[in-house]
Structure formats: structure tokens, C-alpha cells
Amino acid sequence: MIPRILRAGRPAVLVGGALLALAGCAADAPLDTLKPQGPISRSIDSLSDPIFIIAGIVFVIIFGASGLIWWKFRDDHSTDEFPTQIHGNFRAEIAWTIGPAVLMAAIGVFTLFGHFELNGEDRHDIVLNVDDVSISWDPEILVVGQQWWWEFRYYFDGLDGVDLSDPRHLPPADIVTANQMVIPTGSEIGLSITSRDVIHSFWIPALNGKRDAVPRRISPWKIEADVPGFYFGQCTEFCGLSHARMQMQAVAVTPVDFQAWVDEQMQPAAEPTDAAAQRGLAVFEGQCTRCHVVNGVNDPGKGADLVANAAPNLTHLMSRTTFAGGIFGLYEPDGSLNRTQLEAWLRNAPAEKPAYAEGRRGMPAMGLSEGQIDDVVAYLQTLGARPDMEVIAATEVHP
Amino acid sequence: MSDTIELAAPGRPLGVYTRPRGNTGWRDWITTVDHKKIGILYGATAMFFFGIGGLEALLIRLQLATPDGTVLGADTYNRVFTMHGVTMVFLVIMPLAAAFANYLLPLQIGARDVAFPRLNALSYWVFLAGGLFLNMSWLLGDSPDGGWFAYAPNTGAVFSPGHGMDYYVLGLQIMGIASLVSAMNLIVTVLNMRAPGMTLFKMPVMTWMILVVQFLLLFAVPVITVALFLLMFDRNYGANFFNPEMGADPLLWQHLFWIFGHPEVYILILPSFGIISEVIPTFSRKPLFGYPFMVFSGIAIGFMGWGVWAHHMFVSGIGPISVAAFSISTMFIAVPTGVKILNWLATMWGGKIKFTVAMLFAFGVVSMFTIGGLSGVTHSVAPADTQQTDTYYIVAHFHYVIFGGSLLGIFAGFYFWWPKVFGHLLSEKLGKWNFWLMIIGFNMTFGPMHILGLQGMSRRIDSYSPGFGFEFWNMFASIGSFIIALGVLMFVINVVTSARRARHEPPVGPDPWDARSLEWFTPNPTPVHNFDELIQVDSLDEFWHRKYAEDENGRVVRVASAEEVCQDGSATDVHLPSPSYWPVVMAAGFPFVGFGLIYTLWVCIPGALLILMAIYGWIFEPTDDPDGPHGHPADGSSDHDGAQAPSEAAGETVEEAPVG
Amino acid sequence: MADAAAVDHGHGTGTGLSNNKLLMWVFLGSECLLFGGLISTYLIYRSRYADGPAPGDIFDIPFTSVSSFILLMSSLTMVLSLSALQRGDIRNNRVWLLATALLGSLFIGGQVYEFTTFLREGLGYTTSPFSSAFFTLTGFHGIHVSLGIVMLVSLIISSFRGTLTKERSETVEIVGLYWHFVDVVWIFIFTVIYLVPSPTS
């Protein structure tokens, strides 16, 4: 009985579904692939939109024909006679072989144009002031994936002369940051993507499609943002236990702000002055420096006691708004430190984010006392400056 | 294999081992070499695994129904989605296709069995051994967690130190043996054992599609065999095939996997295309539109399927030229696929369609597969694919293809051939519940995944945070998945109640659907010897043409009733191959070898002994048991030209196949 | 049993080949892809020898050429054994079967010698992607040859038991198909590994 009702209501169900689909797309989705925020993603979008339309038209034709068949050619039991027995039609076959082939060829031509444009390079040097010297930087950032976070390395002399053959032992970079990649707006930024362990995939949907990070391979890619903003990303190649918790953001700022960010990041960490922070530094040097680097505290080239031989560089931790692979906000909505989460992380990281700490993949539980945790938090707060309030608000993804 | 000679030595009885007798009870099911029983075994086993895979699917949907899901931990989730994929591909769709191939292929070509009945039994038991072995990993606490695609180096010894991926490697390796043996067997069967007069172009499209699939398996299985060996050598013996530290390239795995994996997609879908190419003409009461084009497009898909594998790797960094080439080749595989869809529509067009449940499912395939095909075209556009790949958009796409295409087609086959296999119909009423619940649940589950994917939801994530806009559609999809489960439940209820009802009702008769192809010459259910006498084939849809002719005005007139055309299954003098113990014994050895390779090599010894014993027994068991069922020597009258002999007296001698 | 003989010679089957022979052909088709995969893997990795010996440093081409020649000769003896049996010449059939098995064994012996030499010279299975690919490819081929030898020995045994008669010559033919295939594959492997100029460190 119900099937009969549904049968009659089928087109309504389809239309309803389509409307719901449109409604769904309107929801606020920071990873939306259909809202390009830069010229590269826009060219992808302008290529895929017509394809969606073509697919939609074919869909309507096929489903229209199916609907007609459904209504018109069902057996009404009016006669026992067989319908006309048609075995085929050569012309029709040729037509619906050549027709789709021509359509595909047309799509193919546009695809190839779009594809080679996407894989082309159109970078222009950016003039920067680095250590009070004006340089022109070929804007290219080294992107390194590892379980389960992203590292971004800036080499202001360009990547050409840098030995990238072993991502686990990279030459020191001018700026090393984690999970939040800062880029100037209005410029195409080249990316060289690689991995220190398994395959990951770098993806900021608002700025470009994705590109895998494959160990021992350097994959070229690029992003560009029109306007300042925060563009969310997510690792999209299954990379083991915490694949879901490997997120990142591109932080696009104006060229002026970018210069300011560079100036700030080039500074080594300042000596802590307050007593708790000083005690925290002692704990940090005893425990955390086995993996983490703070410029000015330990040697950036020494590597980490981990399979990937690297842990996030914390020199300017506080200038970022997330930690632990971009999954936790470092600040509360009111701009104060997200102390609860940070302390929980220091207390027992694997409980907050699944990891194989015993297999030296991911941050282990450090076994710190509550007092030590307070001290370390005090010390971490001295590392870098808190960003502006609107920055904190914009990166908030956990209401 | 050379020892076949002993066997075939004229007049030299080898009574060392007797062959099992009797065809009742469980012993019969274990020792049977009857392609029909093996087909049923394949189907029942696959449905059992379908239950497991479906349960895994429901767990996935429960976990993802709400943000920050806590139903499964990350670790368990990874194992569940890995096993869901592996199960549905290798333990459900492939064996369901094998069930149809085994049961129907010999019938559709008018043969009494496959070319090598014992090898056929071996295929089934090895498949079962592999499937159980793989699922044992749940009980032994360490199931695969690297995804069904198992990308190295995440699946290597460093990053997957447990035994999970060993189960994956060895389980697939064992099932690969089953697929390969079965493929070789069916190819020989089709090429050598067709009924007199049945040229290749008088074979049903379903037989054609199964033949194409067997060729795909024949060439694809060795490729994944290589990949699995390399991964196994890496994991267990320290080889360096996928170890980047030693300069290896992890993309090698991806190439090998997808050179297998893409033809695999067609291995999954073509049997369903074959099934609905039988169902649609029958219920439209018209011949299949453009038969030669249907055949050629199937073959074309089979060929082109080898040239598109790297479209799974558009973002892996294989270089712009390769991406461009594979992008174009992928687009053009849409052409033969489109030809098929349009031909099905043209078959229905102008017909007088009886919307039985089988037809509903077939209709569902045409429309749902169209959606899957169209989304496929959108990601053949490589730049667009950089946004779509590894998101839920892809999950939506391939579920429309594999669920909407393969599985619905298989359900069409269930309803269509149930009377052929079990001698009674499934309830149409419950069947409609089954269909509508499934199709609605299916669209509710996978339709929204297009949106989720375009909204940026990645695949294989065990949870998502609130704030990305994923909440609504995930909950929607999870509800849909339970509606699918309800639909499947309807099917189970239908199977049970229809069987009960059938006890009190008269048998279904020979031709419930007014069908077209050779299998309907036999009574329902098919008697153990299939055909009373072999059929001289003069045209495509021979069965239909014996029932109907066209008068001078081109109108179809009935010339014979189904009862007159069908055989009554009363022949008693047909000589059939005797059952055998050795296929199941040999298959039982493989899991031991697997456990041995995982845990301690000593366990391999009983496995190897079982296999060797089975080979020995296989070779030395008597070619035939004169007292077996239907054990009267063939009088030769039914096989005029000897073409059919393999399925009869000589079936067993010929069967002594080179199995190494 | 007369039926069996008829089918064995493929009378009246769809292809004109017996089921057994067709099965072997189909199986060999599958084997092509197996070796295709392994050969491709080797080609990709031949220059990735890490810190271990490079292929060009370690191969002893004259030695392997001789063992390749031995294997190729075994194809000739295989043909001779079949034609002897087809003539009904049981004695010569046995002789040539034995010769084929011996030549095959000689080839395997050569491979064992080569492997142990390489091991001594520092090319272990785990040394580099090159070494893993080399040993896997040649090892798989070696296993195939060894299985062929087992088949040949079984043929010889059954010949002595009086069951390998002229009527059953197809069995020898089928084993021969396998044997020739393994030889032909070796021609490819030998070319790819040894004849194409190898990188040296």
C-alpha cells in the first residue's frame, strides 16, 4: 500500500530532494568547495560549474525519459498483444555513441585548458624586509605533513638551493610554523609539498584543490587568496589513527601585515621574566625539548625523538590560534587562553587526540605534576604575541 | 598436474579413495561439485558477509550521525571502515556475482556443468576460507586498519605494526586464488561448452558480461597479487618496495593497486549490467535493443577499464601530463557506459512493462547508475577532481555505482531467478516493500553525501567538529542507512515467509516470467542434471523464439506454451561428476598457512599438509564413482558431437586441471 | 573413456582446444600480468640501490648468459620429448623429458649459485629497493621453473608406470606450454635485467 503512494509521489520526492540539496549548500561551511576565495580555486570552480550543469541536463533527460517510460509504457492489461518487437536501430546507436563522445571531447578540451593552467606557475617575487635587509622573495613555502599535523617552512632565499631530499632532516629555515600557514594576499604562493612519514594530502578548498604529501617526493602546488581571511583545511589522504584530527588553516594577511608577521617570527624567543615561566622553561628544557624546538632555547636542526623526527616549532606558539594539529582553539572566544584544553593536552595528550605515543608517533603523556603543568603553561604564554581579537573570532570553529 | 595421466589411463581403476556419495544433508553441501549448489553456497555466504558488512556500515553511520561522535573510537572506526570496504567489495558483491555466474552461466549456454566442477568447488571453499580468515581478525583483536586501498607506507610495518594488515594481505591473497581459479574455469566453460548452435553472438548479454568479467579478473588478480606480495615481503621480510627511507616510491603501490582496482570496479558492475539486460527485455516484452552494441560496449568497457586507473591518483603528484591523459581516457569510458543506459531505455521504450519487483530493481539500476555515472564524469575533469577526491562526494559517487548499480542489479537477479533456483516465487508484496525501502534509504543515505563532499567533508574521518556545516546531512544520511537496513530486513523476511508459503502452494511452473533465455528450458527448480537433453540453439533468446513467432503482419503470436517447450526434468540416464572431499580439504589448508605467516611458521605445517594431502587425493581419487547419483553411463545419444562430453562422462577426466 | 580422449584432443569444443589445454592457455595469460607487474617493479627500482651494490657492479653477465642458454635449450628438449611421444616413441620421450628436467635443474642451480654470490658480495634481500625487486622477480621465476621441474618429474614417473602413452601426449603438450612460457618469460627478464645497460654506482 505504501509503495503505491510512494510510486505516485516519486517526482515530488526527487524535487524535494533537490531543494533540500540546495538548502544544504547554503549552510555555513568553512570547507565548502563551491565558494572559491582566490583566482586558482575560482578557475576550478568556473570549470566545474558548467560540468555540473551539463551533468544536470543529462540527468534531467535520462530521468525525464525514465519518467515517461514509467508512466507511458507500463502494462495496462488492456490487451494481451505484444508491443512492436524492435531489435535495435543502427542510426540511433551511432547517434548515441557519437553524441556523448563529442560532448566528452568538448568537456575534455576545456578540462585540458583548465588543467594545464592549474599546473602552471605564475609567481612574482615579493619584496620583503628580512633582518633589516630588503630582499625579493620568490614566494614558495615548504609544506611538510607528518602524523598528525602540518609544518610550514619559509626559506627567504628560495627553495631552489635547499636540499629537500630527506624531509626528516631539512636545513634550518627562516621561519618554521605549524598548522597555520601565513600568506600575503594578492600573490600566487608556490607550495612544495612533502611528507615525513606516510602520505597526507594538503587541502585548503577555498584557495585550491588538494595535493598529496608523499614521502620522498616534492609535489608542486600553489594557493592564492584575494582578501585577508582564514581558510580552513583538512588532511584528505587517510594517514592513520588521527587522520580526522589533522587540520590546518591558511591565514591570508595584507602584504603589510605579512611583513609585520615576518618581523615577529624572525625573533627568537625572549627570556622569560616571571618566576613561574622561568620554572616552566626549566621543565620545558628537561622534557619538551626532546622533540619541540624553541628558537633561542634549543638547536632547530637537532630533530625530535619521533619517527618523523619533528615536532611543532613552538617559538611563536601564542601567535597561532590553534594547537595539536589545528584541532583545539588556543584561545577562548573572549581572547583569554584556553587553559583547560592546553593543560589537558600537557597532562595526557593521547587522551585528547589519539596517537601512537608508544610507537613514537604523536605527543606522549608527559607525566608532569599539576604544578609543572601550570609552570609550562606560564612559559608557553611567553612564546609569541597573542593575535588580535578578530583573528581569534574568525578561527573559532567550535561554538 | 602430470599425474592426470594415471587418472585417464584407460581401464585402470584407481580405487585408492572412493568418492563421496549421496546428495542429501550437510555432507552433500560440503562435497558437492554441482555448479548450482556451489552457486547457492556463494550466494548464501555472500549474504552472510553482507550482514557483517552492513552492520559495519551502520556502525559507521552511527559514529558519524552527530559531530564528535563517540560510538567508536578512532582506532575502531578505522578498522570498521576498512573492513566495511573490503567486505562489501570482496566478500559481498564479487561472490554474489559469482553466485549468479556459477548458477546461471552453464544454464545459459546450455551446458550441464562448468568445465572443471571440482575446481569450481575449490574456488568457493577457498573464497570462504579467505573470507573467514579475514574476519577472524575481529575475534583475534587486530583487524586491518589501513583502508581497503591500503596505501603504503601507512600499511607498512613501521606505521601499521599490528597484525591487521597481515590479515588484509593474506586474506586477499587467498581470495585471489579463488577468483583466479574461478575466472579460468568459467572462461573455458564459455569458450568450449556452449550448446550446439550457440555462437558467441547468440549468447545472452548476461553471459557476455560474465565472460568479460572473468577476463578482467584473469588479468587484474595477478596485478594485485604482485602488490600484495610486495607489501607482505616489506612487512614480514624487510624488503624495500615501499620504504621511502631506502629510496622506494610509495606511488608504486598505488599504481599496482589501481591497475587492479579500476578493472575491479567493472568486475563489480558488469554482472549487474548483465542481469538487468535479461530482466528488462523480459518485463518490457521486447527484445534487448541493440544487442550487438550492448555486447561491444561491454567489451569496450572491459578494455578501456585498463586505461583509466590513474584517475584515482589525480592529486598524488604523478605529473600534469599523466593526469591529462588519464582525465581524457576516463571521460571516454563514459561513452560505452552511456550507450548501455540508452539501450536499456530504448528497450523499455514502446514496451508493455510489467513492474514486477525484479523489474523495479532493474529500473532502479538504470536510474541510480545514471547518477553515479554523471558524478563520475564530474570528477573525470581533473581540476574539479582536486576538490572532489577523497571527500564524501566520492563516497556518494561510488555508492551510487556499487550499491545503486551492482547491488540493486543483484537484487533484481534474486527476484528474477528465485523460482529457477528454489522453485517458488518471492512475495511481490514484500518485495515492493523491500525495493522502496531500499531505494529511499539508499538515496537518503548517499544522496546527501554529494552535498557533504562539496561542503568539504573528507573521507575516512572518524569524527567531525561542529561548525563545518556537516551536522544536518550526516544525521539525515544515518537515518537513511537504517531505512536501507529495514529494506534488507524485508528481503530476509520475504525469503523466509515465501519458503514457508511455498510448502502449501502448488509449484511455480516452468516459466513464471515469460522469459527468454536457455536456463528456462529446465523445470523449476533446476534438476541436478540441468537439461534432459541438450538444446539446439538457432537464435538469440532461443527459449522465447520457441514460444513465439511473428505472423505476416509482424505481430507476435504464440506457437507453443511454456509447458510444451520446457523440459520436464525427468531424464535419469545423465552421467554427472561425482562429489569430492578434496576441494574443501585443500581450502581448509589456506587459513593455516595464513595464520602461520602471521604468528608462527609452525602453524603453516598443518596447512601445507592439508593442501598437499588434498592435491594427492585430488589426483588419485577415482575419476568417477559408478554408484554415484545418476550414475548410469551416458548412452551417448544426447551428445551428438561430443561437444558436451566434458560435462558428462568425461567431465571428471577433463577436470584434472593443471593446478600446479 | 573414448569420450575423454576425444575431448582431450579438443574435438567439438567451442575453440577446438581441449578444456585442459585451453585452461593452460588462459592461466598463462594471467601469468603474463604477474610477471608484467614484477618486471615493471624491477624497472622502476633498478637504479635505486641505496648504499648497496648497483646492478652494474654485481652482475656476471657471461655466467647468466650461459645459464640462460641452458634454459633455452631445455625448450628444445621439451619439443623433442613431445614429438617422440606423438610418434609413440616412449623411450625417447623419457630421455628428452629427463633432459629437460636436468637442464631446468641446472638453471636453478645456476640461480642458487648467483644468489649466494650476490649475498656474499653484499646484496641481500633487504639491501635496497633494487635488491628486493631483483630477488623477487628472479625468485618468482625460479619458483616457476621449479614447479615445471616437478611436473616433468611427475611425467617421467608416470611414463615408467606405463601410463604416459601416445594417446595422452596432450598432457606433455600442456606441460610443454607451461615450460615454454617460463622460458619466454626468462628471455624478457634476462633482457631487462642483464642486457639493458645497468646503472653502476
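How each quantity is defined
Residues numbered from 1 in each chain as written. Chains lettered and ligands numbered in written order. Predicted model: local features only at pLDDT ≥ 70, side-chain atom pairs only at ≥ 80, totals over all residues. Core = buried A, V, L, I, M, F, W, Y, C linked by C-beta atoms within 7 Å. Buried ≥ 20, exposed ≤ 12 C-beta atoms within 10 Å, placed from the backbone. Helix = DSSP H or I, 4+ residues; strand = E, 2+ residues; numbered from the N terminus. Contact = placed C-beta atoms within 7 Å. Pairing = 2+ DSSP bridges. Axes fitted to C-alpha atoms, helices over the stretch in contact; angles between N-to-C directions. Parallel < 35°, antiparallel > 145°, perpendicular 65-115°, else oblique. Nonpolar A, V, L, I, M, F, W, Y, C, P; charged D, E, K, R; others polar. Expected span 1.5 Å × (residues − 1). pLDDT = per-residue confidence, 0-100.

Just checking my understanding: could you explain the nonpolar core for this structure?
Across soluble globular proteins, you tend to see nonpolar side chains buried next to one another. The biggest cluster of nonpolar side chains holds 351 residues, and the ones touching the most others in it are Ile187(B), Ala227(B), Phe361(B), Ala362(B) and Ala412(B). Among the elements that make up this core, the one with the highest residue count is helix H7 (residues 205-237) of chain B (24 residues). Look past the residues within four positions of Ala227(B) in its chain and what remains in contact with it is Trp253(B), Leu256(B), Phe257(B) and Phe260(B). Residues Val293(A), Leu314(A), Ile373(A) and Leu380(A) belong to the second largest nonpolar core, which totals 29 residues.

Whenever I open this one, the sheet that holds strand E3 (residues 140-146) of chain A confuses me. Can you help?
The pairing of strands in a sheet comes from backbone hydrogen bonds and takes either a parallel or an antiparallel form. Residue and element names in this part refer to chain A. Pairing within the open sheet is mixed, and its 5 strands lie in the order E5-E4-E3-E7-E10. Two strands close off the open sheet at either side, each with one partner strand: strand E5 (175-178) and strand E10 (219-223). With strand direction ignored, the average angle separating the axes of adjacent strands in the sheet is 25°. As paired elements, E3 and strand E4 (residues 149-154) share 6 bridges and run antiparallel to each other.

What is the right way to look at the packing of helix H3 (residues 39-72) of chain A against helix H4 (residues 90-118) of chain A in this model?
Between two packed helices, both the angle of their axes relative to each other and the distance between the axes serve to describe the pair. Residue and element names in this part refer to chain A. For the pair H3 and H4, the least separation of the axes is 10 Å and the interaxial angle reads 170°. Taken together, the axes of H3 and H4 lie roughly antiparallel to each other. Contacts between H3 and H4 pair Ile40, Ser43, Ile44, Leu47 and Ile51 from the former with Ile107, Phe110, Thr111, Gly114, Glu117 and Leu118 from the latter. Per-class residue counts for the contact of H3 with H4 are 7 nonpolar, 3 polar and 1 charged.

Would you explain the sheet that holds strand E6 (residues 180-184) of chain A in this entry?
All names here are of chain A. Pairing in this open sheet of 3 strands is mixed, and the strands run E6-E12-E11 from one edge to the other. This sheet does not close on itself; its edge strands, each paired only once, are E6 and strand E11 (229-234). With strand direction ignored, the average angle separating the axes of adjacent strands in the sheet is 20°. On top of the sheet, helix H5 (residues 255-265) reaches E6 and strand E12 (247-253); it is set at about 130° to E6, its chief contact.

Is there a simple way to think about the pairing of strand E1 (residues 126-130) of chain A in this case?
For a regular strand, the rule is simple: side chains alternate between the two faces of the sheet. Residue and element names in this part refer to chain A. Bridge count between E1 and strand E2 (residues 133-137): 5 bridges; the pairing is antiparallel. Paired with Asn129 across the strands is Ser134, a residue of E2. Joining the antiparallel neighbours E1 and E2 is a turn of 2 residues, in which Asp131 adopts a positive phi near 50°.

Even after reading the chapter, I still don't get helix H6 (residues 164-192) of chain B, so can you show me in this structure?
One turn of an α-helix holds 3.6 residues; hence residues three or four places apart share an orientation. Given a rise of 1.5 Å per residue, 29 residues ought to cover 42 Å, and the 42 Å separating the end C-alpha atoms of H6(B) matches this to within 8%. Taken across its 29 residues, H6(B) has 29 buried, putting it largely inside the fold.

Sorry, what's going on with the interface of chain A and chain B here?
Reports of interface size often rely on the accessible area that becomes lost once the parts have come together. On the side of chain B, 87 residues touch chain A, which itself brings 84 residues to the contact. With 15 residues, the single largest contributor to the side of chain A that touches chain B is H4(A). Counted by class, the side of chain A that touches chain B contains 46 nonpolar, 25 polar and 13 charged residues.

Hey, could you run me through the arrangement of the chains in this one?
Interchain contacts are distributed over 2 pairs of chains, and the most extensive set of them lies between chains A and B. No part of chain A reaches chain C; the closest C-alpha pair between them is 13 Å apart.

Whenever I open this one, the confidence of the model for chain C confuses me. Can you help?
As a general rule, the predicted coordinates of low-pLDDT regions are not to be interpreted in detail. Residues and elements named next belong to chain C. The predicted model of chain C averages 92 in pLDDT, with 95% of residues at 70 or higher. Confidence drops under pLDDT 50 across residues 1-8; counting only partners more than four residues distant or on other chains, this segment forms 24 contacts. Here the prediction assigns the complex a pTM of 0.93, and the interface score ipTM is 0.94.

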